[in-house]
Amino acid sequence: MLRAAVVGGFLAVDLGALLYANNWIGPARLTPQAFLDGFEEVFGRQLGFRRNHAKGVVVEGYFDSNGNGRELSRAAVFRPGRTSVVGRFSLSGGYPAVKDSPTIARGLGLAFGFPGGQQWRTAMMNLAVFLDNSPEGFYDRLLASKVVGATGEPDPAAMPRFLAKHPETARAMAINEAHPPTPGFADSAYRSLIAFYFVDESGARTPVRWSLVPLQRALPPSMDPHNGLFIPLVRQMRAGPLRWRLMLTVGAPSDPVDDATLPWPNNRRVIDAGLLTLNSVETDRPGNASDINFDPLVLPEGVEPSEDPLLSARSAVYGASHRRRTGEPKLLPIIDVNEVS
Ligand code: HEM
């Protein structure tokens, strides 16, 4: 009952996201529908699955705020106390059955809060910086990665052509290469990458990027040929809760708030806002957090969007992906946690 109520509450908020999606106006060719068609052109039409981050598992837990975040934001989630959380670990890309690989970016979507209260949704990745600073860049990079012909590989000229036009992506790739991924989901740090404004009781606005910093090592990757990263995650979560600290990095006025490819200097002040505990794992299937759209613009009072152009594009495309996938029959889940011994 509780779970049905929780998911129902999240769906109610998604209606707001849909309205936002319908209002999004981007360059003519880049409507949310055109974006989704681009994902389907690259990954095929994967009925019932997210058009990006298709492979995942659902998790639940709670966030214990220590009250330190109140210095920057009046959001209720930063008052001392506990807030429930539902989430989803994922691999980027639109193939639901993709073979796990450490080189594929890992994602964590989280939704804080109960229905009737304010919600905060965030979709984070284990990268140091994001690869694009515009929706058009994301779309063109997506198409440049498309497998062509019988080779099973992308057109070898496509990515160099894209990078020549998008030096910001080439620079971001070099930064990420200097920060190689950890062995698993459990020991990854997950970052907002995009800046947001935190607003305090007096109305003062501070640019913030947040990160979840892991408190455990990961079990080593399993020998399973397809699910070498998800299987150890499921086993580790069954053996006990996993924990991350929520760290708020405080931006200076000179730090970019509209370009997620640019790192902030690493001497910025960081505030430890509390402890995230994830203590249950489930198969990604209709009826649980699988139904949630982790729209980055579902924000509580006290957290506001920055000028980053990715935010409104993401909100619109996530809403369109959510509408498309929830109107389709879903095939069998790729990772059935009950089959992990
Ligand atoms: C223009 C840029 C982007 C586009 C077009 C895009 C597109 C998408 C789409 C279509 C989905 C599936 C949504 C759904 O069906 O619920 C998705 C999921 C996701 N995205 Fe993005 N994305 C963008 C940028 C980002 C950034 C900057 C991050 C991280 C900082 C991110 C992290 C994620 C994560 C973690 C998920 C999976 C969340 C879940 O489990 O539902 N994305 N993205």
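Residues numbered from 1 in each chain as written. Predicted model: local features only at pLDDT ≥ 70, side-chain atom pairs only at ≥ 80, totals over all residues. Heavy atoms only, no water.

Participant: Looking at this structure, I do not really get the site of the ligand. What am I missing?
Facilitator: Every one of the 25 residues lining the ligand counts as a neighbour, but R50, R88, Y318, S321 and R325 are closest to it. The contact in question runs from an oxygen atom of the ligand to an N or O atom on the side chain of S321, over 2.5 Å. Breaking the shell around the ligand down by element, the ones donating at least two residues are α2 (32–43), β2 (81–91), β3 (106–112), β4 (120–125) and α7 (309–326). In terms of residues, the shell around the ligand owes the most to one element, α7, which gives seven residues. Counted by class, the shell around the ligand contains 13 nonpolar, seven polar and five charged residues. (Near = heavy atom within 4 Å. Polar contact = N/O pair within 3.5 Å; in protein donor to acceptor, adjacent residues only side chain to side chain. Helix = DSSP H or I, 4+ residues; strand = E, 2+ residues; numbered from the N terminus. Nonpolar A, V, L, I, M, F, W, Y, C, P; charged D, E, K, R; others polar.)

Participant: I tried to follow the layout of surface pockets on my own but got confused; where do I start?
Facilitator: It is the rolling of a water-molecule-sized probe over the atoms that shows where space remains empty. Of the volumes computed, that of the second largest pocket is approximately 670 Å³. Taken together, 29 residues line the second largest pocket, and the ones lying closest to its centre are A128, R191, S211, T249 and W264. Mapped by element, the contributors of at least two residues to the lining of the second largest pocket are β9 (205–214) and β10 (242–250). (1 Å grid on protein atoms, 1.4 Å probe; cavity = no way out; pocket = protein on both sides within 12 Å on 5 of 7 lines; lining within 4 Å. Points joined across faces, edges and corners; volume = space filled by probe spheres on them.)

Participant: Hey, could you run me through the environment of F138 in this one?
Facilitator: Within the secondary structure, F138 is located in helix α3 (residues 135–144). Spatially, the C-alpha atoms of F138 and Y62 are 32 Å apart, while their sequence positions differ by 76 residues. Not counting chain neighbours up to four residues away, the residues in contact with F138 comprise F35, F39, N52, F130 and D132. (Contact = heavy atoms within 4.5 Å.)

Participant: Explain the pattern of salt bridges to me, please; I cannot follow it from the model alone.
Facilitator: A side chain of one charge can pair with a side chain of the opposite charge if their charged atoms are brought near each other. Inspection of the entire model under this criterion finds 19 salt bridges. Residue K146 pairs with E41 through a salt bridge whose shortest N-O separation is 3.2 Å. Of this pair, K146 sits in the loop between α3 and β5 (147–148) while E41 is found in helix α2, placing the two residues 105 residues apart along the sequence. Among the residues examined, K146 registers a relative accessible area of 25% and is labelled partly exposed. Judged by its relative accessible area of 45%, E41 falls in the partly exposed class. E304 serves as the salt-bridge partner of R205, at 2.9 Å between the closest nitrogen and oxygen. (Salt bridge = Lys/Arg side-chain N within 4 Å of Asp/Glu carboxyl O. Buried < 20%, exposed > 50% of the residue type's maximum accessible area, 1.4 Å probe, protein only.)

Participant: Quick question: what am I supposed to make of the nonpolar core here?
Facilitator: Nonpolar side chains in soluble globular proteins generally cluster together in the buried interior. With 67 residues, the main nonpolar core has F78, F89, W210, L212, L246 and L248 as its most contacted residues. Apart from residues no more than four positions distant in its own chain, F78 is found in contact with S65, G67, G69, R70, S73, W120, F198, L246, L248, A273 and V303. Among the nonpolar cores identified, the runner-up in size contains six residues, and V86, A289, I292 and F294 belong to it. (Core = buried A, V, L, I, M, F, W, Y, C linked by side-chain atoms within 4.5 Å.)

Participant: What's the story with the coordination of the iron atom of the ligand in this structure? I'm lost.
Facilitator: Six octahedrally arranged donors around a metal ideally form angles of 90 or 180 degrees; four tetrahedrally arranged donors ideally form angles of 109.5 degrees. A lone protein donor binds the iron atom of the ligand: Y318 (OH), at 2.1 Å. Along the chain, Y318 falls in helix α7. (Donors = N, O, S within 2.8 Å, 3.2 Å for Na, K, Ca; no water.)

Participant: Sorry, what's going on with unusual backbone geometry here?
Facilitator: Across residues other than glycine, the phi torsion is negative in most instances, and most of the peptide bonds are trans. Here H53, not a glycine, exhibits a phi torsion of approximately 55 degrees, which is positive. Of note, H53 is situated in the loop between α2 and β1 (55–65). Look at H53 and you get buried, because its relative accessible area is 15%. Positive phi is not limited to glycine here, since L193 has a value of about 60 degrees.

Participant: Explain the packing of α3 against helix α4 (residues 158–165) here, please?
Facilitator: Packing of α3 against α4 leaves a shortest axis separation of 9 Å and a crossing angle of 160 degrees. When the interaxial angle is binned, α3 and α4 end up roughly antiparallel. Our pair here, α3 against α4, has a crossing hand that is left-handed. Contacts between α3 and α4 pair G137, D140, R141 and A144 from the former with A158, M159 and F162 from the latter. Class assignment for the residues of the contact of α3 with α4 results in four nonpolar, one polar and two charged. (Axes fitted to C-alpha atoms, helices over the stretch in contact; angles between N-to-C directions. Parallel < 35°, antiparallel > 145°, perpendicular 65-115°, else oblique. Left-handed = near helix turned anticlockwise from the far one by under 90°.)

Participant: Got a minute to help me understand the pairing of strand β8 (residues 196–199) in this structure?
Facilitator: Successive side chains on a regular strand alternate, one facing one side of the sheet and the next facing the other. Judged by which residues are buried, β8 turns out to be covered on both faces: F196 and F198 on one side and Y197 and V199 on the other are all buried. Connecting β8 to the antiparallel partner β9 that follows it, the hairpin turn spans five residues, and G203 within it adopts a positive phi of roughly 95 degrees. Taken together, the three bridges between β8 and strand β12 (residues 303–305) define a ladder with antiparallel strand orientation. Looking at β12, one finds that F196 is bridged to P305. (Pairing = 2+ DSSP bridges.)

Participant: Before we go on, may I ask you to explain the packing of α2 against α7 in this structure?
Facilitator: Relative placement of two packed helices is described by the angle separating their axes and the distance separating the axes. Relative to each other, α2 and α7 sit at 65 degrees, their axes nearing to 9 Å. Here α2 lies roughly perpendicular to α7, going by the angle between them. Relative to α7, α2 is oriented so that their crossing is right-handed. Of the residues in α7, those in contact with P32, Q33, F35, L36, D37, F39 and E40 of α2 are A316, V317, A320, S321, R323 and R324. Looking at the contact of α2 with α7 residue by residue, the classes come out as seven nonpolar, two polar and four charged.

Participant: Before we go on, may I ask you to explain α7 in this structure?
Facilitator: An α-helix turns once every 3.6 residues. As a result, residues three or four positions apart point the same way. For α7, built from 18 residues, the straight-helix expectation of 26 Å at 1.5 Å per residue is met to within 8% by its first-to-last C-alpha distance of 26 Å. For α7, the full list of buried residues reads L310, L311, A313, R314, S315, A316, V317, G319, A320, S321, H322 and R325. Measuring from the side-chain oxygen of the N-cap residue of α7 to the backbone nitrogen of L310 gives 2.8 Å; that N-cap residue is D308. (Expected span 1.5 Å × (residues − 1).)

Participant: Help me understand the confidence of the model for the protein chain in this model?
Facilitator: Interpretation of this model should avoid reading the predicted coordinates in detail wherever pLDDT is low. This prediction gives the protein chain a mean pLDDT of 91; 91% of its residues lie at or above 70. The secondary-structure element of the protein chain with the lowest mean pLDDT is helix α1 (residues 2–23), recorded at 42, while β10 shows the highest, at 99. Note on residues 1–25: pLDDT under 50 across the span, and 45 contacts to partners over four residues away in sequence or across chains. (pLDDT = per-residue confidence, 0-100.)

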